[in-house]
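One-letter residues, chain by chain:
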Amino acid sequence: MFHKMESITNVMEYEILAKEKLPKMIYDYYASGAEDQWTLQENRNAFSRILFRPRILIDVTNIDTTTSVLGFKVSMPIMVAPTAMQKMAHPEGEYATARATSAAGTIMTLSSWATSSVEEIASTGPGIRFFQLYVLKDRNIVRQLVKRAEKASFKAIALTVDTPRLGRREADIKNRFVLPPHLTLKNFEGLDLGKIDKTDDSGLASYVAGQVDRSLSWKDVKWLQTITHLPILLKGVLTAEDARLAVEAGAAGIIVSNHGARQLDYAPATIMALEEVVKAVQGRIPVFLDGGIRRGTDVFKALALGASGVFIGRPVVFSLAVDGEAGVRKVLQMLHDEFELTMALSGCRSIKEITRSHITTPWDTPRITPRL
């Protein structure tokens, strides 16, 4: 039989196949954004307004895509973002993602709301892994979670800072989204917080309203540093003001993110907010980006604007849905290969050779062409 997987040539194709394969409630949960979904479209569209200034006649025989993230060497500046409840996509869920990410030589971020626990993910074998954290009203649970992540050899905490309340995702409201009954949020299983019940609203929105702490503030970022020695990345920063406060608060890094356009609609595309954040931190801490990465060219553009690396979310769950571990491996491989090709065609042989002058943006001041 003709195997669809063989003919997949880009990341976007997995979303089309995942839509055919997944139940509507589950596909909609992964695919949708907040309200009008303007930011969801803009996360992609904004990349298309950034163009290349490729440099020619450079020996690109050897291209090195390796880089380091918080001191850990990775094969490429492309990492896996935290996405919730991956066993809804595929029975192996986060296990498959962990194995694929490790095989690709890069970093996986495990969601607080994973359907596999930190201990289970550690058991899949070696790999550099970060843990995404939601601060719950019950700080003892937060303390326990962080300690468990440390014990399971997770190397950093990605603290989500853009979700004091869940964004309004209308598909989830219409579908009355609920975690399928055979699954649990494994990190909370023993704490009576493992289930998401059906409500008249989005079940997840009700769960978040009940558990997540709306009072989360900068003092809690300080508190987190007293309970763990792991570096803390702040995920969900979009402004220069907050970037400066993040540095002052002792963050080890920033992830410029609008939560995959699932929180505040009409927030800017992350690639549009990136440079403002990069300029504000003045090189004191690394800045990463997630949101809308679907091509190697997107990765290059983010790095040219000052990002130290990018994270991918939806491409992981859609490829996982279609082809399990092999699907996630293929997405990471395709992005690596496209990125490497973009580097070669732009005249960059290593990550450090990618500069701001390799791209042009709508907000650039017109260049004065030097007279010959």
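The structure presented is a predicted model; accordingly, all values stated were derived computationally and were not measured.

**Q** When you look at the environment of Gly309 in this model, what are you seeing that I'm missing?
**A** Inspection of the secondary structure assignment puts Gly309 in strand E11 (residues 309-312). With relative accessibility at 0%, the residue Gly309 sits in the buried group. For the pair formed by Gly309 and Leu289, sequence separation is 20 residues and the distance between their alpha carbons is 6.7 Å. Residue contacts for Gly309: discarding those within four places in its chain leaves Pro77, Met79, Val287, Phe288, Leu289 and Leu303.

**Q** What's the story with helix H13 (residues 314-346) in this structure? I'm lost.
**A** A turn of α-helix holds 3.6 residues, and therefore any two residues three or four places apart point the same way. In a regular helix each residue adds 1.5 Å, so 33 residues correspond to 48 Å; H13 covers only 27 Å between its end C-alpha atoms and thus falls short of that length. The largest bend in H13 is about 140 degrees, located at Asp323. Remark: Gly347 follows H13 within two positions and exhibits a positive phi of approximately 85 degrees.

**Q** What is the right way to read the nonpolar core from this model?
**A** The tendency in soluble globular proteins is for nonpolar side chains to be buried as a group. Grouped together as the largest cluster of nonpolar side chains are 113 residues, with contacts concentrated most on Trp113, Leu133, Leu224 and Ile271. Ranked by residues supplied to this core, first place goes to H13 with 14 residues. For Ile271, the residues in contact, after removing those within four places along its chain, are Ala46, Phe47, Ile50, Leu289, Lys301, Ala302, Leu305 and Trp363. Counting residues in hydrophobic clusters, the runner-up holds 13 residues, among them Ala81, Phe130, Leu233 and Ile255.

**Q** Hey, could you run me through the UniProt feature "binding site: glyoxylate" (unreviewed entry) in the protein in this one?
**A** The feature "binding site: glyoxylate" (unreviewed entry), as given by UniProt, occupies Tyr29, Gln132, Tyr134, Arg169, His259 and Arg262 in the numbering adopted here. Here Gln132 shows up in strand E6 (residues 129-133). Its relative accessible area of 1% is what places Gln132 among the buried residues. Every residue in contact with Gln132, bar those within four places of it in the chain, is listed here: Pro82, Thr109, Leu110, Ser111, Ser112, Ala158 and Thr160. Separated by 2.8 Å, the side chain of Gln132 and the backbone nitrogen of Ser112 make a polar contact. Topologically, Tyr134 is positioned in the loop between E6 and helix H6 (139-151).

**Q** Looking at this structure, how should I read the pattern of salt bridges?
**A** Pairing between side chains of opposite charge can happen when the charged atoms of each approach one another. For the structure shown, the criterion picks out 17 salt bridges. Asp213 is paired through a salt bridge with Arg139; the nearest N and O atoms lie 2.3 Å apart. Of this pair, Asp213 sits in the loop between helix H8 (203-211) and helix H9 (218-227) while Arg139 sits in helix H6, and the two are 74 residues apart along the sequence. The pair formed by Asp213 and Arg139 is uniform in burial state, with each residue classed as buried. Residue Asp220 is joined to Arg139 by a salt bridge in which the shortest nitrogen-to-oxygen separation is 2.7 Å. Taken as a pair, Asp220 in helix H9 and Arg139 in helix H6 lie far apart in primary sequence, 81 residues in all. Neither Asp220 nor Arg139 differs from the other in exposure class; each is buried.

**Q** Looking at this structure, how should I read the packing of helix H2 (residues 24-31) against H13?
**A** Packed helix pairs are characterised by how far apart their axes lie and by the angle those axes make with each other. Their axes nearest at 10 Å, the elements H2 and H13 cross at an angle of 155 degrees. In terms of their interaxial angle, H2 and H13 are classed as roughly antiparallel. Contacts between H2 and H13 involve Tyr27, Tyr30 and Ala31 from the former and Arg314, Val317 and Phe318 from the latter.

**Q** Just to check I follow, could you spell out the side chain of Arg262 for this structure?
**A** Inspection of the secondary structure puts Arg262 in the loop between strand E9 (253-256) and helix H11 (270-281). One buried charged residue, Arg262, remains without a salt bridge, the closest side chain of opposite sign being Asp172 at 4.9 Å. Within polar-contact distance, the side chain of Arg262 engages the backbone oxygen of Tyr30 at 3.4 Å. Other than its neighbours up to four places away in sequence, Arg262 contacts Tyr29, Tyr30, Ser32, Gly33, Ala34, Gly167, Arg169 and Arg314.

**Q** Before we go on, may I ask you to explain the packing of aromatic side chains in this structure?
**A** Think of a pair of aromatic rings as described by two things: how far the centres are apart, and how the planes are tilted against each other in angle. Enumeration over the complete set of coordinates arrives at eight aromatic pairs. Relative to Tyr134, the ring of Trp113 lies with its centre 4.1 Å away and its plane at 20 degrees, an arrangement referred to as stacked. Placement of the pair is Trp113 in the loop between strand E5 (108-110) and helix H5 (118-122) and Tyr134 in the loop between E6 and H6, with a sequence separation of 21 residues. The residues Trp113 and Tyr134 share a single accessibility class, namely buried. When the ring of Phe288 is compared with that of Phe311, the centres are 5.9 Å apart and the planes differ by 75 degrees; the resulting orientation is edge-to-face. You can see Phe288 sitting in strand E10 (residues 287-290) and its partner Phe311 sitting in strand E11, a full 23 residues away along the chain. For the residue pair Phe288 and Phe311, the accessibility class agrees, reading buried in each case. An aromatic cluster is defined as three or more aromatic residues linked by ring pairs; in this entry it consists of Tyr29, Tyr30 and Phe177. The cationic tip of Arg262 hangs over the ring face of Tyr29; the distance from NZ or CZ to the ring centre is 4.8 Å.

Definitions and limits used
Residues numbered from 1 in each chain as written. Predicted model: local features only at pLDDT ≥ 70, side-chain atom pairs only at ≥ 80, totals over all residues. Heavy atoms only, no water. Helix = DSSP H or I, 4+ residues; strand = E, 2+ residues; numbered from the N terminus. Buried < 20%, exposed > 50% of the residue type's maximum accessible area, 1.4 Å probe, protein only. Contact = heavy atoms within 4.5 Å. Expected span 1.5 Å × (residues − 1). Bend = angle between axes of the 7 residues up to and from the residue. Core = buried A, V, L, I, M, F, W, Y, C linked by side-chain atoms within 4.5 Å. UniProt positions renumbered as here; feature names shortened; annotations may be inferred. Polar contact = N/O pair within 3.5 Å; in protein donor to acceptor, adjacent residues only side chain to side chain. Salt bridge = Lys/Arg side-chain N within 4 Å of Asp/Glu carboxyl O. Axes fitted to C-alpha atoms, helices over the stretch in contact; angles between N-to-C directions. Parallel < 35°, antiparallel > 145°, perpendicular 65-115°, else oblique. Lys, Arg positive; Asp, Glu negative; His and termini not counted. Phe/Tyr/Trp six-rings, centres within 6.5 Å; stacked < 30°, edge-to-face > 60°. Lys NZ or Arg CZ within 6 Å of the ring centre and 35° of its normal.

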